[in-house]
Amino acid sequence: MATRTLLGYRRSILPGFGLTFGFTVFALSLIVLIPLSAVFIKTAGMGWDQFVAVAFSRRALLAYRLSFGAAAIAALINAVFGLLVAWVLVRTDFPGKRIVSALVDLPFALPTAVAGIALTALYASNGWIGQYLEPAGIKVAFSPLGVVVALTFIGLPFVVRTVEPVLADLGAEVEEAAASLGATRWQSFTRVVFPAVAPALATGFALAFARGVGEYGSVIFIAGNLPFRSEIAPLLIVQQLEQYNYAGATAIAATMLVASFAVLMAINALQAWDRGRREA
Amino acid sequence: MTVETHDLVKRFGGFAALEGVTLQARPGEFLALLGPSGSGKTTLLRIMAGLDFPDSGRVTFDGVDMSDRPARERGIGFVFQHYALFRHMSVADNIAFGLTVRPRRDRPAASAIAARVKELLDLVQLPDLGKRYPAQLSGGQRQRVALARALAVEPRVLLLDEPFGALDAKVRKDLRRWLRAVHDASHVTSVFVTHDQEEALDLADRVVVMNKGRIEQVDTPDAVYNRPATAFVCDFLGNANRFECALRGGGVEIGGLTLPNAAPPAGDGRGQAFVRPHEFDIAAAGQPGIAATLRRVAHTGALAALECEVEGRIVEATSARPPEGLTPGDALTLVPTTVRAYPA
């Protein structure tokens, strides 16, 4: 029986709603909300004109474009190849599968600076890969392309690990059912597999994107950090801090926060709309 | 359509799933593949469908070799134990799937597809559920949708893998009667896998009894039940009790009695005899027959079920007229009325 208590929530077999919810609010406040609000409070200390001058300077705008643009491209690349990796890990069996699976998680564990240095060494004009790309006119290290490479490396596990369980849960049977009904492999993918994993894929994309926007360590080594060209927004923040311009740093941070939040909300809204559509 | 397999062999690692299976499903026939788990029946069905490929051997449809054709080119309908419905599609879209994936030149017009879906929804007795999603249906309803989806493409052969395995007993029974009716109306050659002997005997025109990757017997339900060809079939069907016996001159020597052998004739020597629970007469102790001790007696409606102990093993017997006043611990004699014996 659904009885109501003074607090207005339903009696439930799940224990400790009050305690767990209280802790959730407390922890979220302490760990997420208070530091974030500090960013806005600090920013509010500077005047509007000053804020616009720092946060919307041409240099800052180009840095936002690079940060968000490269993160989006990297997340998109990861969405495609991460889905493929997840499919291989779930559907096929091969010797060394556990090792491959562990490799996927490495970008999580590796200090990002190490990743940045390793990638730079590979893609620099005298590096293993860079020496062949450079003559072909493709410059990866010390260019925006390098930023995309670094963010792709960082973001891969997010897509693989969010899609993998959904794909496993979907089962091979639906793909077999599609084949028995005459669907080609492409039709089976586009009409059966993809729609089923799309929400998870969107979540993975969002996580990889968010991670990419905030990434600092690996990018600063490979990007070359040329102002107006290969400079990411988090680097601008660090530069402001080095000049003891804390308000300036928080101004850029606040702008990035609002933009990131808007993008993530949009992805969430898209997923909610999709869920609503299929459960209607 | 005639579906044939020729000497199929399939191994998974060291495990031999099929060891030379040759079988024919006749046009319009309803064929059951019956066997314990691990007997290879599902592997055989999946190879017919093209969802698995044999190590050697051939599959032919009406004499045409299908061995190298992928599932989508075989013109089959396949029904899975766990339905395998497309969760993100409505029931109607699920049923229409096989038609909408056809190349444009073979694809019916949208209106024709809609009409076909409606017709199938009526056939599976779910006329109002086209707009629902699979998650909103019961297990029995989902399996009906899965069947409608398989029938939508007008398959040349319908293959069903334990179609009622995930359903509860009542729904199971209703659905199997209904499936038989659908089959009788459509006359599409059908092969279904089951480990439930009652289901196989009730539903099929012929039953294929499988064991360890081989076919033990292919015959009508009546024949496999009453004239089991091998000891395995006899043991697997009908809860038979097993005894040691001697075979001599066409007769079976058991418990001091010599009885005619109801199984195919075998040579002389040691044998194993099978007696089904209802094939015993209960006599007083000391009479010729199998000496037994009563352990438990249960009166279940018309029949009494007697659980007896013979030389340390449990033997089950049922009797319509058990002697009155039987109590556990009593000695009695079991007199087999029908014995099937096979060389040991």
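The rules we used
Residues numbered from 1 in each chain as written. Chains lettered and ligands numbered in written order. Predicted model: local features only at pLDDT ≥ 70, side-chain atom pairs only at ≥ 80, totals over all residues. Heavy atoms only, no water. Phe/Tyr/Trp six-rings, centres within 6.5 Å; stacked < 30°, edge-to-face > 60°. Helix = DSSP H or I, 4+ residues; strand = E, 2+ residues; numbered from the N terminus. Buried < 20%, exposed > 50% of the residue type's maximum accessible area, 1.4 Å probe, protein only. 1 Å grid on protein atoms, 1.4 Å probe; cavity = no way out; pocket = protein on both sides within 12 Å on 5 of 7 lines; lining within 4 Å. Points joined across faces, edges and corners; volume = space filled by probe spheres on them. Nonpolar A, V, L, I, M, F, W, Y, C, P; charged D, E, K, R; others polar. Contact = heavy atoms within 4.5 Å. Buried area = accessible area lost by both parts, 1.4 Å probe. Salt bridge = Lys/Arg side-chain N within 4 Å of Asp/Glu carboxyl O. Polar contact = N/O pair within 3.5 Å; in protein donor to acceptor, adjacent residues only side chain to side chain.

- An unreviewed UniProt entry annotates chain B as Sulfate/molybdate ABC transporter ATP-binding protein originating from Glacieibacterium frigidum.

**Here we look at the packing of aromatic side chains**
All names here are of chain A.
Line of reasoning, step 1. Applying the stated rule across the entire model yields 14 aromatic pairs over all chains.
Line of reasoning, step 2. Considering the side-chain rings of F108 and F158, the 5.0 Å spacing of their centres and the 80° angle between planes classify their relative orientation as edge-to-face. Here F108 is found in helix α4 (residues 97-109), whereas its partner F158 is found in helix α7 (residues 144-170), with 50 residues between them in sequence.
Line of reasoning, step 3. Accessibility expressed as a relative area gives 46% for F108, which makes it partly exposed.

**Observations concerning empty space enclosed by the protein**
Residue and element names in this part refer to chain B.
Line of reasoning, step 1. On inspection of all chains with the given rule, the structure shows two cavities of 30 Å³ or more.
Line of reasoning, step 2. Volume-wise, the largest cavity comes out at about 50 Å³.
Line of reasoning, step 3. If you go around the largest cavity, the residues you meet are V79, Q143, R144, L147, L160, P163, F164, L175, W178 and L179.
Line of reasoning, step 4. Elements supplying a minimum of two residues to the lining of the largest cavity: α4 (139-152) and α5 (169-186).
Line of reasoning, step 5. Per-class residue counts for the lining of the largest cavity are eight nonpolar, one polar and one charged.
Line of reasoning, step 6. When its volume is computed, the second largest cavity comes out at roughly 40 Å³.
Line of reasoning, step 7. Along its surface, the second largest cavity is lined by F30, L151, L158, L160, L179, V182, H183, S186, V188 and S190.

**Details of the interface of chain A and chain B**
Line of reasoning, step 1. Contacts between the two partners involve 22 residues from chain A and, on the opposite side, 23 residues from chain B.
Line of reasoning, step 2. Taking both partners together, chain A and chain B bury about 2000 Å²; carbon and sulfur atoms supply 58% of that area.
Line of reasoning, step 3. When the buried area of chain A at its contact with chain B is split by residue, S180, L181 and R191 of chain A rank highest and sum to 34% of it.
Line of reasoning, step 4. The interface formed by chain A and chain B contains two salt bridges.
Line of reasoning, step 5. Of the charged contacts, one joins R87 of chain B and D169 of chain A as a salt bridge, the two residues approaching to 3.3 Å between their closest N and O atoms.
Line of reasoning, step 6. Where chain A packs against chain B, one counts six residue pairs in polar contact (both at pLDDT 80 or more).
Line of reasoning, step 7. Listed by contribution, the elements that provide at least two residues to the side of chain A that touches chain B are α7, α8 (173-180), α9 (185-214) and α12 (246-279) of chain A.
Line of reasoning, step 8. No other element matches α8 of chain A, which puts seven residues into the side of chain A that touches chain B.

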